[in-house]
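Tertiary structure, described
These are the residues of each chain, in order.
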Amino acid sequence: MTEWYYADGQDRQGPLLAEELRQRFQRGEISLTTLVWREGYGQWKALSEAVEELQLQNLTSAASNLGSGFDLRGDYTAIDNGTAPLPGTGGGTYSPYTAPGATASYGSAVVSGGEVVYAGFWKRVAAYLVDYILLTVTSAIIGGVIGGVMGFAMAGGSSASAIEAAAQGVGMLLGIIIGVAYYASFHSSRGGATLGKMVVGIKVVRSDGERLTLLRAIGRYFAAFLSGLILCIGYLMAAFTDRKQTLHDMICDTVVVDRWAFTEQSHLQRHELGTAAIVILVIGGLLTVGMIVLAVAMIGIFASSMS
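As the structure is a prediction and not an experimental result, all values here were calculated from the model.

1. What about the overall build of the protein chain?
Secondary structure assignment for the protein chain yields eleven helices and six strands. A total of 307 residues make up the protein chain; the buried ones form 32% of that total. Of the contacts formed within the protein chain by residues at least 6 apart in sequence, a portion of 64% connects residues at least 24 apart. On the protein chain, roughly 18,000 Å² of surface is accessible, and the fraction owed to carbon and sulfur atoms is 64%.

Okay, here's the thing in structure tokens:
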């Protein structure tokens, strides 16, 4: 038998049989604007779109006689004879039971109850590689400028070691500031994704799909240090936890999901890695192998020169 679900605020209620759903409608616990879902639906729909399937016509008439002041018989007659205006045209009279307009934009309001595809370990690695390269290049450019200015300013009365120590301290502080600004601002944005995550097609949200606040995004950035301090085991947890969460995800009540999760277009989510992630991982792997080979070669050259 078909099992139904309906949205109650941010919560999903169900599963319910059709008869139970009709009873709740008759008692006034749900209305024609309530979002419902069953197996076979591509996305959540207003209950008004399932009136005939659930045989709510008579129940609607009964409910409308309980003092609501709205007569829907004309609406059903217009639907039957084909004179009802098309959705979104603005035609016809206002009805409080009009289904809300669907929004399919990335980063729109949270839609709970649908399937959620959590981002796997390798998708997150691919996104991290992109972000790492962007931040490294940006920090190197800004750090080089500031280091040059500091070196010039301190050249007159400071030793080389003092200048080097000051430059290293400023570089570390600058790296943290840039990192916090980058990750916190993007993760707390409407899309919930850094540039790397955008490329891969994933985003960071609360466990209920809500957007991160700026303070939570900042806290998540510093919590990520804990994941690295324990030999990066905190990061590896994303490979085997139920919702593919890292340690800092668990601390901050966040999850990394497909970009279309918690939206009305949840059917667009992808379980596979995707072309962008595969290309990034391949390039990253080749660069890693190249650096290892170069390091081994440099060690061999150094050893031979010392013999």
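Resuming the write-up.
2. Considerations on the packing of aromatic side chains
Two numbers describe a pair of aromatic rings. These are the distance of the centres and the angle of the planes. Across all of its chains, the model carries ten aromatic pairs by this definition. An aromatic cluster is present here, built from Tyr 182, Tyr 183, Phe 186, Tyr 221, Phe 222 and Phe 225 joined pairwise through their rings. The ring of Tyr 41 carries the charged tip of Lys 45 above its face, separated from the ring centre by 4.3 Å.

3. Side note on helix α1 (residues 18-26)
Taken residue by residue, α1 has Leu 21, Arg 22 and Phe 25 as its buried positions. Down the axis of α1, the buried side of the element spans an arc of 100°, and every buried residue falls inside it. Remark: Gly 28 follows α1 within two positions and exhibits a positive phi of approximately 85°.

4. Let's talk about the sheet that holds strand β1 (residues 4-8)
One open sheet accounts for four strands, arranged β2-β1-β3-β4; its pairing is antiparallel. Strands at the two margins of the open sheet, each flanked by one partner only, are β2 (11-16) and β4 (45-46). When β1 meets strand β3 (residues 35-38), the two strands line up antiparallel, connected through three bridges. Bridge pairing in β3 links Tyr 6 to Val 36.

5. Here's the deal with the nonpolar core
Counting residues in each nonpolar core, the largest one holds 21 residues, and the members touching the most others are Ala 126, Leu 135, Tyr 183, Val 200, Ile 202, Val 256 and Ile 280. Counting only elements with at least two residues in this core, the list comes to α5 (121-154), α6 (160-187), β5 (202-206), α8 (214-229) and α11 (275-306). Examining the composition of this core, we find that six residues originate from one element, α6, more than from any other. In contact with Ile 280, not counting residues within four places along its chain, are Ala 126, Leu 129, Val 130, Val 199 and Val 200. Core analysis: the next-biggest nonpolar cluster, separate from the first, contains 14 residues, Trp 4, Tyr 6, Val 36 and Leu 56 among them.

6. Considerations on the confidence of the model for the protein chain
For the protein chain, the average pLDDT comes to 83, and 81% of its residues sit at 70 or higher. Low pLDDT, under 50, characterises residues 65-71; the stretch is placed with five contacts to residues that sit more than four places away or in other chains. In the predicted structure, residues 87-105 sits below a pLDDT of 50 and forms 24 contacts with residues beyond four places in sequence or in another chain.

7. What to know about the environment of Asp 242
Summarising the element assignment, Asp 242 is placed in the loop between α9 (233-236) and α10 (247-252). Note: C-alpha distance between Asp 242 and Tyr 118 (124 residues apart in sequence) is 9.2 Å.

Conventions used here
Each residue is numbered by its place in its chain's sequence as written, counting from 1. Since the coordinates come from a predicted model, pLDDT governs what is reported: local features require at least 70, and pairs of side-chain atoms require 80 or more to be given and counted, while whole-chain, interface and lining totals use all residues. Calculation of side-chain values draws on the structure's entire complement of heavy atoms; hydrogens and water are dropped beforehand. Secondary structure follows DSSP: runs of H or I at least 4 residues long count as helices, runs of E at least 2 residues long count as strands, and numbering of each begins at the N terminus. We call a residue buried when its accessible area falls under 20% of the maximum for its residue type, exposed when it is over 50%, and partly exposed in between, using a 1.4 Å probe and counting protein chains only. The contact rule is simple, with two residues in contact once any of their heavy atoms fall within 4.5 Å. Accessible areas in this description were obtained via Shrake-Rupley with a 1.4 Å probe; residue shielding takes into account the shown protein chains only. Centres within 6.5 Å are what make two rings of Phe, Tyr or Trp a pair, Trp counting through its six-membered ring; a difference in plane orientation under 30 degrees is then read as stacked, over 60 as edge-to-face, and the rest as tilted. Consider the ring centre and the ring normal. A charge sits over the ring if Lys NZ or Arg CZ is within 6 Å of that centre and within 35 degrees of that normal. Arc definition: it is the arc formed by the directions from the helix axis to the C-beta atoms. When DSSP finds at least two bridges between two strands, those strands are taken to pair. By convention a nonpolar core is built from buried Ala, Val, Leu, Ile, Met, Phe, Trp, Tyr and Cys residues, the set being connected through side-chain atoms within 4.5 Å. A residue's pLDDT is the confidence the predictor assigns to it, expressed on a 0 to 100 scale.

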